[in-house]
Amino acid sequence: MTAKIIDGVALSRQIREDLGLRAQALAAQGRRPGLAVILVGDDPASAMYVRNKVKACEAHGLHSVFEKYDAGLAEADLLERIRALNADAGIHGILVQMPLPRHIDPHRVIQTIDVHKDVDGFSTLSAGELMSGLPGFRPCTPYGCMKLIESTGVDIRGKHAVVIGRSNTVGKPMALLLLQASATVTVCHSATPDLGLHTRQADILVAAVGRRHTVTREMVKPGAVVIDVGINRNEEGKLQGDVDLDGVREVAGWITPVPGGVGPMTITMLLVNTVEAAERSLLHT
Ligand code: NAP
């Protein structure tokens, strides 16, 4: 079997077209969706992620505010800036790019963002809403993974889903979203003794580890949907996921490539959350 490629670029484009229309409709009501992106320090990877987010906003009719501070910014000043953005009616989503300099507590920063503007979905309130099955903002990467899985047409209900990784931003919310969609979910992590024992049972397999070749061909059930969240570089500096794409595509039914799978969907779901925040703000006024 040769797996069908789940094209994250094409799916993103499709979702973004619809978003552009929703953003236009909101702008016509004087509620152009606005995203504030804050970057502290000079990490080049963070600067690139932030640039892509701001560019994506501009391309789809969203208003964006980009604030860059030097690495010495005091935590109190950052919190004050977030509070000002919380009170700004033209801003519907606030994103503080991680990682932050060591003297700033990321937890305190995330908790300061108004839950109605927490478009990254990282606050404990947003996590609690997800846990309780309440509407709220879902973290963008697992939310995008769900859209990728749904795009295959495979019914998630009753399937066995295995998630490798248990981070608060990817693995755990991914497992909760799959559970909410009525999959039977197994979560694996670095203390799981025999990873293959679990992955071979997966109808849906999500790898969110950050280590190349974590998932190889013999670890995958024939026909499985395989979602590769990992971002790694090989010896030549080329981007690679956690899954051995060449080997696994011979057994899987569906697979996301890296690049071109989960990555583009993450930014798209950030735009979705921001437009949704603006739509919800209409209900509060
Ligand atoms: P993380 O916080 O480092 O979590 C990695 C997880 O993998 C941990 O739960 C860890 O287990 C588990 N793990 C490590 N080695 C393992 C092993 N040998 N077997 C099984 N599990 C193992 O990373 P993250 O933030 O979740 O991100 C994971 C990957 O996704 C990274 O490559 C990251 O760059 C990428 N990512 C991509 C996007 C995108 O848009 N494409 C977005 C976010 C993240 P323990 O908990 O036991 O340590």
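Above this text sits the structure in question.
Only a predicted model underlies this, so the values are computations on that prediction, with no experimental measurement involved.

> Describe the packing of aromatic side chains, naming the residues involved and giving the relevant values.
Within this structure, the stated rule accounts for zero aromatic pairs. It is Arg280 that lies over the ring of Phe137; its NZ or CZ is 4.4 Å from the centre.

> Requested: an account of the site of the ligand, with residues and values cited.
The full set close to the ligand counts 19 residues, and Arg166, Ser167, Ser190, Ile231 and Thr266 are the nearest of them. A distance of 2.6 Å separates an oxygen atom of the ligand from a polar side-chain atom of Ser190. One of the backbone nitrogen or oxygen atoms of Val229 is found 3.4 Å away from an oxygen atom of the ligand. Computed on the free molecule, the ligand has an accessible area of 920 Å², of which 68% lies beneath the protein chains in the complex. With three residues, helix α10 (residues 262–283) is the single largest residue contributor to the shell around the ligand.

> Pulling in residues and values, what's your account of the sheet that holds strand β6 (residues 184–188)?
With respect to topology, six strands assemble into an open sheet ordered β1-β11-β8-β7-β5-β6, the strand pairing being parallel. Sheet topology places β1 (4–5) and β6 at the edges, where each strand pairs with a single neighbour. Bridging between strand β5 (residues 160–164) and strand β7 (residues 204–207) involves four bridges; their strand directions are parallel. Paired with Val163 across the bridge in β7 is Val206. Each of β5, β6 and β7 is contacted by helix α7 (residues 171–180), which is oriented at about 170 degrees to β5, the strand it contacts most.

> Any chance you could break down unusual backbone geometry for me, citing the residues and the numbers?
Of note, the bond from Met98 into Pro99 is cis; its omega dihedral lies within 30 degrees of zero at 0 degrees. A cis amide bond, omega 0 degrees, links Val258 with the succeeding residue Pro259. Note on placement: Pro259 falls in the loop between β11 (254–255) and α10. Its identity is not glycine, yet Ser182 carries a phi of approximately 70 degrees, on the positive side. Of note, Ser182 is situated in the loop between α7 and β6. Accessibility expressed as a relative area gives 32% for Ser182, which makes it partly exposed.

> Mind laying out the side chain of His160, listing which residues take part and the relevant values?
The residue His160 is located in strand β5 in this model. From its side chain, His160 meets the backbone oxygen of Gln201 in a polar contact 3.4 Å long. When near neighbours in sequence (up to four residues on either side) are disregarded, His160 contacts Thr184, Thr186, Gln201, Ala202, Asp203 and Ile204.

> Which residues make up the pattern of salt bridges, and what values go with them?
Tallying each qualifying case throughout the model produces 10 salt bridges. In this structure, the salt-bridge partner of Asp105 is Arg108, at a minimum N-O distance of 3.9 Å. The partly exposed category is assigned to Asp105, whose relative accessible area is 27%. On the basis of relative accessibility, which here comes to 43%, the residue Arg108 falls in the partly exposed class. The partner of Glu276 in a salt bridge is Arg280, and the shortest N-O contact between them spans 2.8 Å. Taken as a pair, Glu276 and Arg280 lie in helix α10 at a separation of four residues, close to a single helical turn. Accessibility expressed as a relative area gives 21% for Glu276, which makes it partly exposed. Residue classification places Arg280 among the partly exposed residues on the basis of a relative accessible area of 25%. If you follow the salt bridges from partner to partner, you end up with Asp18, Arg22 and Glu279 in one network.

The rules behind each value
- Residues numbered from 1 in each chain as written.
- Predicted model: local features only at pLDDT ≥ 70, side-chain atom pairs only at ≥ 80, totals over all residues.
- Heavy atoms only, no water.
- Phe/Tyr/Trp six-rings, centres within 6.5 Å; stacked < 30°, edge-to-face > 60°.
- Lys NZ or Arg CZ within 6 Å of the ring centre and 35° of its normal.
- Near = heavy atom within 4 Å.
- Polar contact = N/O pair within 3.5 Å; in protein donor to acceptor, adjacent residues only side chain to side chain.
- Areas by Shrake-Rupley, 256 points an atom, 1.4 Å probe, with all protein chains shown as cover.
- Helix = DSSP H or I, 4+ residues; strand = E, 2+ residues; numbered from the N terminus.
- Pairing = 2+ DSSP bridges.
- Contact = heavy atoms within 4.5 Å.
- Axes fitted to C-alpha atoms, helices over the stretch in contact; angles between N-to-C directions.
- Buried < 20%, exposed > 50% of the residue type's maximum accessible area, 1.4 Å probe, protein only.
- Salt bridge = Lys/Arg side-chain N within 4 Å of Asp/Glu carboxyl O.

All we've got here are geometric facts, nothing functional implied.
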